[in-house]
Amino acid sequence: MMMKTLFSSLLFLLSLNGFTQTRSTNLVYVDGAGVLRYTRGGGEAAFFGTNYTVPFAYGYRSHRALGIDLEKAIDADVAHLARLGLDAFRVHVWDVEISDSAGNLLNNEHLRLFDYLLMRLKERNIKILVTPIAFWGNGYPERDEKTPGFATKYGKGQSVVKEEAIVAQERYLKQFFAHVNPYTKLSYVQDPDVIAMEINNEPHHSGPRERTTEYVNRLAAAVRSSGWTKPVFYNISESPSYAGAVVAANVDGHSFQWYPTGLVANHEQKGNFLPNVDEYRIPFFDSLPALRKRALMVYEFDAGDVLQSNMYPAMARAFRSAGFQWATQFAYDPMHTAHANTEYQTHFLNLAYTPGKAISMLIAGKAFRQLPRGKSWGRFPADTSFDVFRVSYTQDLSEMNSDTAFFYSNRTTTIPRNAATLRHVAGVGSSPVVQYEGSGAYFLDRLPNGNWRLELYPDALVVNDPFGKAAPSRDAVRIHYAANKMQLQLPGLSTGFKAVGLDSANRGVVAADANGLLLRPGVYELGAAPVAGVRVPFFAPKDYAGAPFCLDETVSEAFAGMPVQVRAQIAGLQEADKVSVELRHSLNKWKTVQMQRRAGNAYVAELPAEMQEAGLLEYRILVQQTGGAWHVFPGAAKGNPYAWDYVGEERYRLRILPANAAIILFAPERDRARMMTMVGDWRKDAIGYTYNDDAQALQLRATMNEPKEGAILAWQVLTGDVLKDRPLSELARIAVRGRSAEGRKVRIRLIDRHGRSVEADAALTPATATVEIPLTSFVRGGYLLLPRPYPGFQPLTFTSDASSPFDLAELDKIECSFGHDIDAAAAGKKQSIGIESIRLIN
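Residues numbered from 1 in each chain as written. Predicted model: local features only at pLDDT ≥ 70, side-chain atom pairs only at ≥ 80, totals over all residues. Heavy atoms only, no water.

Trainee: So what about the overall build of the protein? Which residues, and what values?
Mentor: Counting its secondary structure elements, the protein contains 12 helices and 52 strands. For 842 residues, the compact-globule estimate of 2.2 N^0.38 gives 28 Å, and the protein sits close to it at 29 Å. Principal axes of the C-alpha set define a box for the protein whose edges measure 105 × 85 × 55 Å. The proportion of buried residues among the 842 residues of the protein is 57%. Taking all contacts inside the protein whose residues are at least 6 apart in sequence as the whole, residues at least 24 apart take part in 70%. (Helix = DSSP H or I, 4+ residues; strand = E, 2+ residues; numbered from the N terminus. Rg over C-alpha atoms; globule rule 2.2 N^0.38 Å. Buried < 20%, exposed > 50% of the residue type's maximum accessible area, 1.4 Å probe, protein only. Contact = heavy atoms within 4.5 Å.)

Okay, here's the thing in structure tokens:
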């Protein structure tokens, strides 16, 4: 017995020694204060990157349907991730595809491609955090396939409570971490670039808290039984009511997500959303002090349905202020399917197809790794400048400006901090050091020989709402290869410098600087006498091979007598092709005006004075190619529009209002498709539309059937575009036309582009009537952050502490809400309002 005890003790000591030796080779560890640190040197670690899903589910099927070589697709996408400077990868592995119902690991094509992906990530020094259990079916956006996994059998809810399901997960985790990657010849335990793991994806806990703690501990023990000594994370934000049970478990850290603009709006969300990312609030610290000794990671984040390029660095800043050391966006769109944004309709990020957002991600990664953990940068708008970084809503811009790097996601006039010491430039559009007519991203890096290497991506033109209904046959963005003019003012490039092509398509092509270079997408070396050395790979989508296409960018409303331009982005044209706009005014006036090409694919025509009279202006854009072919927009119809048998009647519309007309801030018929709503209980409350008694105008009807005291129903609409170029000095009142059978008040909030807001209430009557509120009656206040941020414990309201006053000329959004005056007597009874219009009047 004594010998057995001594033998057991010896094994225990040896296992401890083995644990220490193994742990010492890990890249990172979590210290006693909950800080993720490098094992070598002890410095704080920070990793920033993305999720990417091609080995699994729809990502896999969509590439197979297109006949794409999945390994080559992964090569291209990983090259893009590295080009963006990302150093973190995470994905929730679709366990339903690589396990059976008992939890046995299936060594199949999905697992092989995952291993191949990890090999390619390692080659680019991108670190990996594995989430081996997703629970999800593999269908979205299609129907789920019949899959063999344990989660298919038990479902998400039962998987975290049912004993047989837990046993299956223990078996699966042991086999998963014992699996050897055939490409690296290492298990995930042994692989130094697999630096941490998160047990599962977004668990939905229920039942006794003790059972939740037991579940987490059992799965963590299963992982560690494989020899795993790296950090183990567990989600705390998906089931916040179980936070205490989760923190009681034996894990090293906790995972959170952030969708500050909601998800799946089914259209692009527009407006200033920087206040939505003013801070990331973790509500558990006070009640759960043990959480302060755990490392923090963000497994998924994105500004859903937002195409602006100003959000990611602001989110990175908020993450660092909250103490996070890992953050991975969800999800990077594969190059071969990004044209239609079909993988996750509410997300959209790809270097070629969303160049501004991609450069914003590059900047966000720099910020996340550079900004100190735990430091506050103030509140919006003060926190739009932080260290060497800046974000701007009005300029749709992210920016990094250091001594050696100058990055910008859109056109900027900012002067580089030290142009003479620049080593890296990346951007979209023009800046003081790069003037570029194209719309694709570019990267410029100083070489050891003093020359510069240029990586230039093709133009990307949005042709449909990327967040609308998705289908593989519906392009959201089209790629256009054009020779665009680029002028450079960079150290080491003297007058008359040359560019020589390095990629396979441009290899050996030489362009000389003569007041700018005309360059097609590709990779070039720039200098006095550059040489085409080793061929350099260049990963980019194919050129769109279809007919010319047009995106109209003209305003939808204007005021009589004010200058108006018909504006459009048109691609697929040759230099000699002609573009004109045919105008038809409702006062029986017709005219055709030639459109002039500006930079890149931009075409412009000034509206003649005789067409600026109040009325309805209809127009179509005509493209006449040198070979005689005609293309007519809207509709992309082919054929001579003046031929006797041409039947196309589609036209764009521009409403020209009288110069002194009231400004319509909200009209249900115009705005219903772009509203951001907050309905507390969708089962009992609703926003719908009907006609008033005289059927003259559509009316929004907001109803709460059994409201609690003080319950709120609200909506916001972007309105800043209707004020453009309109003199406001004589406008003095807000006119609200509506009704409320119960005599409720509607609260009107005006929100400007800088986050300042003012508010006033309008008392509605049972009969439809107009209530006028002097602008002088509006007082400073806060407003709702809509769409509602997720998780739900994030702030729902924002109040600016800026000392400067609200500026009507900078109006961005209008917010309407009701329920503030529902008292105890009215609670539980049906309450409603109807709004026909909100106007700004003299």
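Here the narrative resumes.
Trainee: Residues and numbers for the sheet that holds strand β26 (residues 517–519), please.
Mentor: In spatial order, the strands read β18-β23-β26; together these three strands make up an open sheet with antiparallel pairing. Whereas interior strands pair on both sides, the edge strands pair on one side only; in this sheet they are β18 (434–436) and β26. Along the sheet, successive strands turn relative to each other by an average axial angle of 30°, direction set aside. Looking at chain direction, β18 and strand β23 (residues 484–488) are connected through three bridges and run antiparallel. If you follow Val-434 over to β23, its bridge partner there is Leu-488. (Pairing = 2+ DSSP bridges. Axes fitted to C-alpha atoms, helices over the stretch in contact; angles between N-to-C directions.)

Trainee: Talk me through the layout of surface pockets; I want residue IDs and the actual numbers.
Mentor: For the second largest pocket, the calculated volume is near 690 Å³. Lining the second largest pocket are 28 residues, and of these His-336, Ala-540, Pro-541, Lys-542 and Asp-543 lie nearest its centre. For the lining of the second largest pocket, the secondary-structure elements that each account for two or more residues are α3 (70–83) and β22 (477–480). Taken together, the residues of the lining of the second largest pocket break down into 16 nonpolar, four polar and eight charged. (1 Å grid on protein atoms, 1.4 Å probe; cavity = no way out; pocket = protein on both sides within 12 Å on 5 of 7 lines; lining within 4 Å. Points joined across faces, edges and corners; volume = space filled by probe spheres on them. Nonpolar A, V, L, I, M, F, W, Y, C, P; charged D, E, K, R; others polar.)

Trainee: Lay out the packing of aromatic side chains in plain terms, naming residues and giving numbers.
Mentor: Counting across every chain of the model gives 40 aromatic pairs. Here Tyr-172 and Phe-176 contribute two aromatic rings whose centre-to-centre distance is 5.7 Å and whose plane-to-plane angle is 40°, an arrangement assigned as tilted. Residue Tyr-172 and its partner Phe-176 are located together in helix α7 (residues 163–178), separated by four residues, close to a single helical turn. For the pair Tyr-172 and Phe-176, a shared accessibility class is recorded, and that class is buried. Judged by centre distance (5.9 Å) and plane angle (45°), the rings of Phe-666 and Trp-715 are tilted. Here Trp-715 lies in strand β43 (residues 713–718) and Phe-666 lies in strand β39 (residues 663–666), a separation of 49 residues in the sequence. Residue class for Phe-666 comes out buried when judged on its relative accessible area of 0%. By the ring-pair criterion, three or more aromatic residues cluster together here, those being Phe-48, Phe-256, Trp-258, Tyr-280, Phe-284, Phe-301, Tyr-312, Phe-319, Phe-324, Phe-368 and Phe-793. Geometry around Trp-136 places Lys-156 over its ring, the cationic atom sitting 3.8 Å from the centre. Across from the ring centre of Trp-377, 4.1 Å away, lies the NZ or CZ of Lys-375, which sits over that ring. (Phe/Tyr/Trp six-rings, centres within 6.5 Å; stacked < 30°, edge-to-face > 60°. Lys NZ or Arg CZ within 6 Å of the ring centre and 35° of its normal.)

Trainee: I'd like to hear about the pattern of salt bridges, residue by residue, with values.
Mentor: In total, this model carries 51 salt bridges according to the counting rule given. The partner of Arg-90 in a salt bridge is Glu-198, and the shortest N-O contact between them spans 2.9 Å. Taken together, the residues span a long stretch of sequence, with Arg-90 in strand β4 (residues 88–92) and Glu-198 in strand β8 (residues 194–198) at a distance of 108 residues. When sorted by exposure, Arg-90 lands in the same class as Glu-198, which is buried. Ionic contacts of the salt-bridge type, sharing partners, join the residues Glu-557, Arg-655, Arg-670, Asp-671, Arg-674 and Asp-721 into one network. (Salt bridge = Lys/Arg side-chain N within 4 Å of Asp/Glu carboxyl O.)

Trainee: Run through the nonpolar core, naming residues and quoting values.
Mentor: Core analysis: the largest hydrophobic core is formed by 148 residues, its most contacted members being Phe-89, Phe-114, Phe-176, Ile-282, Phe-301, Phe-319 and Phe-324. Setting aside anything within four residues of it in sequence, one finds Phe-176 in contact with Val-93, Ile-98, Leu-105, Phe-114, Val-130, Pro-132 and Tyr-188. (Core = buried A, V, L, I, M, F, W, Y, C linked by side-chain atoms within 4.5 Å.)

Trainee: An account of the pairing of β22 is needed here, citing residue identities and associated values.
Mentor: Here β22 shows two buried faces, one formed by Val-477 and Ile-479 and the other by Arg-478 and His-480. Sheet analysis places strand β21 (residues 459–462) next to β22, joined by four bridges and oriented antiparallel. Counterpart to Ala-460 in the pairing with β22 is Ile-479.

Trainee: Account for the packing of helix α6 (residues 150–159) against α7, with residues named and values stated.
Mentor: Between α6 and α7, whose axes approach to 10 Å, the crossing angle comes to 115°. Judged by the sense of rotation from one axis to the other, the crossing of α6 with α7 is left-handed. Of α7, the residues touching α6 (which contributes Phe-150, Tyr-154, Gln-158 and Ser-159) are Glu-164, Ala-165, Ile-166, Ala-168, Gln-169 and Tyr-172. Among the residues making up the contact of α6 with α7, the classes are represented as six nonpolar, three polar and one charged. (Left-handed = near helix turned anticlockwise from the far one by under 90°.)

Trainee: I'd love a proper account of the confidence of the model for the protein, names of residues and values included.
Mentor: Atomic detail in the predicted coordinates should be set aside for any region of low pLDDT. On average, the protein scores 94 in pLDDT, and the residues at 70 or more come to 97%. Of the regions scoring below 50 in pLDDT, residues 1–21 engages in one contact with residues more than four places distant in sequence or in other chains. (pLDDT = per-residue confidence, 0-100.)

Trainee: How would you summarise the sheet that holds strand β40 (residues 676–678) if you had to cite specific residues and measurements?
Mentor: On the basis of which strands lie adjacent, the open sheet formed by six strands has the order β40-β43-β51-β45-β46-β48 and antiparallel pairing. Edge positions in the sheet fall to β40 and β48 (779–781), since each of these pairs with one other strand and no more. Strand after strand, the sheet turns through a mean of 25° between neighbouring axes, direction not considered. Bridge count between β40 and β43: three bridges; the pairing is antiparallel. Each bridged residue has a counterpart across the sheet, and for Met-676 the counterpart in β43 is Gln-716.

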